[in-house]
Amino acid sequence: MAGPIYYKRRLLTVKSATVTPNLGGKTVLASEPWTFVESWLRNKSTAEAAFYWEQARNFYLSSKSLPPTAAPLPLYYCFLNAAKTLLIVKKQAFSNSHGVAGNFSGTRLTRPSTEDEKIRFKTRGILAALSRLLDDHIVPGEYEYNLDQVFYNIPYIHRAYSLSYDTETRAVPELFIPLRNPHFVSKLGSSQSWFVAEIEPDPRYANGHTINKLPSGFERVNNINDRFVIRLKRRFNWSKEKMETFEAYHRKLRKYVMPIVGKGDKRWYMRRGSNGDKWIDRSPVTLAYAAMHRLSELSRYNPMILRGYLSGKHNWIITEFIQKSPYQFINEISSEITGFEFLDTGVI
């Protein structure tokens, strides 16, 4: 038997911050996190960090009035400066290069494809430092993906991706499993503890096929028959006096469990285990940074190509990414900076 863990009279749940989550902190209810984080930085960090955050906000605001062909350029610099802020706060060393490069591997004479838009994760620079901070640096070395792959692995545009490519003869494999009530439990009379969550009770997900696609180390709780409850087999010893043990466990868990933030709502998803050649074992934060960098290059150097993408089958995917990624990226970076959860209640 196991029971839920409570910390400071609150159920111990998964947090958005992977590095140092504020487990006892209240959720910050605000229409946007910019002002709260600015105040937090002025009280808790340095003038340099606060300046980069202000720059990030200015670039974000400047993008609001721009069309999709132009918005990626200021949005990338928004992401860049927000990432710098986080790295400064966490005292993570970094060089000022971008840490990412892009090129086109096909020919522009025929219809361009996002599969030919290459993105290279480099060993130095802002993206490399961000990857190290988020335990996203798999093995030292450069990695190359294509823009189509990267889009497929970003949860908040995955549905747009799937519907854009689903046909009567080809279905895009679902990559993300919706979860309910992700939290931590402890064995009664013991400090042995682990992660549990319920798969959304939808027949598309709550079935044996989904269980077979769980990441390595996860399994169904077999003594619960009326629901599909899963758990991480690896355990940790819960102790309020040794929170670093839980934080290390939580940090590893967040490689598989990730949020999508909406108005008044935060939903959690589990990324399935290796799911074909499009699967990338990286954080949506670093993937969004890399994707926006490539779109910003197109916006600056090849705007007609970007316009071509926005006029074809890639239109919905790219538009959804440009519209949704700033809110998601800044929300997650804000949580990493401060440790708090952020939620827009949608109430004026």
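Look up a bit, the structure's there.
Residues numbered from 1 in each chain as written. Predicted model: local features only at pLDDT ≥ 70, side-chain atom pairs only at ≥ 80, totals over all residues. Heavy atoms only, no water.

Student: Please provide a residue-by-residue account of the overall build of the protein, values included.
Tutor: Scanning the protein from N- to C-terminus turns up 11 helices and 15 strands. By the compact-globule yardstick of 20 Å for 348 residues, the protein fits well, its C-alpha radius of gyration being 20 Å. Over its C-alpha atoms, taken along the principal directions, the protein stretches across nearly 65 × 55 × 45 Å. Relative to its 348 residues, the protein shows a buried fraction of 53%. A separation threshold of at least 6 residues defines the contact pool for the protein, and within that pool the share at least 24 residues apart is 68%. A total of about 16,200 Å² of accessible surface is found on the protein, and carbon and sulfur atoms cover 50% of it. Computed over 49 positive and 32 negative side-chain charges, the inter-centroid distance for the protein is 4 Å. (Helix = DSSP H or I, 4+ residues; strand = E, 2+ residues; numbered from the N terminus. Rg over C-alpha atoms; globule rule 2.2 N^0.38 Å. Buried < 20%, exposed > 50% of the residue type's maximum accessible area, 1.4 Å probe, protein only. Contact = heavy atoms within 4.5 Å. Areas by Shrake-Rupley, 256 points an atom, 1.4 Å probe, with all protein chains shown as cover. Lys, Arg positive; Asp, Glu negative; His and termini not counted. Charge placed at Lys NZ, Arg CZ, Asp CG, Glu CD.)

Student: Please give an account of the nonpolar core that cites residues and values.
Tutor: Core analysis: the largest hydrophobic core is formed by 74 residues, its most contacted members being F151, Y289 and F321. In contact with F151, other than residues within four places in its own chain, are I157, Y161, A291, L295, I317, I318 and F321. Membership of the second largest hydrophobic core comes to 31 residues, among which are V14, I177, W194 and F195. (Core = buried A, V, L, I, M, F, W, Y, C linked by side-chain atoms within 4.5 Å.)

Student: Explain the packing of aromatic side chains to me, and be specific about the residues and the numbers.
Tutor: Tallying each qualifying case throughout the model produces 23 aromatic pairs. For the pair F195 and F218, a centre-to-centre distance of 6.4 Å together with 85° between the ring planes defines the contact as edge-to-face. A residue pair is termed long-range when its members are at least 10 positions apart, and F195 in strand β9 (residues 192–199) and F218 in strand β10 (residues 218–220) qualify at 23 residues. Take F195 and F218: they sit in the same class, and that class is buried. (Phe/Tyr/Trp six-rings, centres within 6.5 Å; stacked < 30°, edge-to-face > 60°.)

Student: Just give me the short version of helix α10 (residues 303–310), but keep the residues and values in it.
Tutor: Listed in full, the buried residues belonging to α10 are I305, L306, Y309 and L310. On an axial view of α10, the arc spanned by its buried residues comes to 145°, and they lie on one face. Buried residues along α10 sit against α3 (72–89), β5 (100–104), β6 (117–121), α9 (284–301) and α11 (315–338). (Arc of directions from axis to C-beta.)

Student: Tell me about the environment of E219, and please be specific about residues and values.
Tutor: Inspection of the secondary structure assignment puts E219 in strand β10. A relative accessible area of 25% means that E219 is categorised as partly exposed. Separated by 13 residues in the primary sequence, E219 and A206 have C-alpha atoms spaced 13 Å apart. Leaving out residues up to four positions away in the same chain, E219 has contacts with L214, V229, I230, R231 and K233. Here the side chain of E219 touches R231 through a polar contact of 2.9 Å, side chain to side chain. (Polar contact = N/O pair within 3.5 Å; in protein donor to acceptor, adjacent residues only side chain to side chain.)

Student: Give me the lowdown on the sheet that holds β5, citing residues and values where you can.
Tutor: In spatial order, the strands read β5-β6-β7; together these 3 strands make up an open sheet with antiparallel pairing. The open sheet terminates on both sides in strands that have one partner only, identified here as β5 and β7 (143–146). Neighbouring strand axes in the sheet, compared pairwise and without regard to direction, differ in orientation by 25° on average. Each of β5 and β6 touches α9; the most contacted strand, β6, lies at about 130° to it. (Pairing = 2+ DSSP bridges. Axes fitted to C-alpha atoms, helices over the stretch in contact; angles between N-to-C directions.)

Student: An account of the side chain of D344 is needed here, citing residue identities and associated values.
Tutor: Inspection of the secondary structure puts D344 in the segment after β15 (342–343). Judged by its relative accessible area of 4%, D344 falls in the buried class. D344 has contacts with A30, S31, G262, K263, G264 and Y327, leaving out every residue within four places of it along the chain.

Student: Quick one: what's the story with the packing of α3 against helix α4 (residues 126–133), residue by residue and with numbers?
Tutor: Between α3 and α4, whose axes approach to 10 Å, the crossing angle comes to 50°. With respect to α4, the axis of α3 lies oblique. α4 is crossed by α3, and the crossing has left-handed handedness. Contacts between α3 and α4 pair L80, A83, K84, L86 and L87 from the former with I126, A129, L130 and L133 from the latter. Of the residues contributing to the contact of α3 with α4, the split by class is 8 nonpolar, no polar and 1 charged. (Parallel < 35°, antiparallel > 145°, perpendicular 65-115°, else oblique. Left-handed = near helix turned anticlockwise from the far one by under 90°. Nonpolar A, V, L, I, M, F, W, Y, C, P; charged D, E, K, R; others polar.)

Student: Got a sec to walk through the pairing of strand β13 (residues 257–262)? Specific residues and values, please.
Tutor: Counting buried positions along β13 gives 5 out of 6 residues, so the element sits mostly inside the fold. Relative to strand β14 (residues 265–271), β13 is paired through 6 bridges, and the arrangement is antiparallel. Among the inter-strand pairings, I260 is bridged to a residue of β14, identified as R267. What sits between the antiparallel neighbours β13 and β14 is a turn of 2 residues, in which G264 has the positive phi angle 65°.

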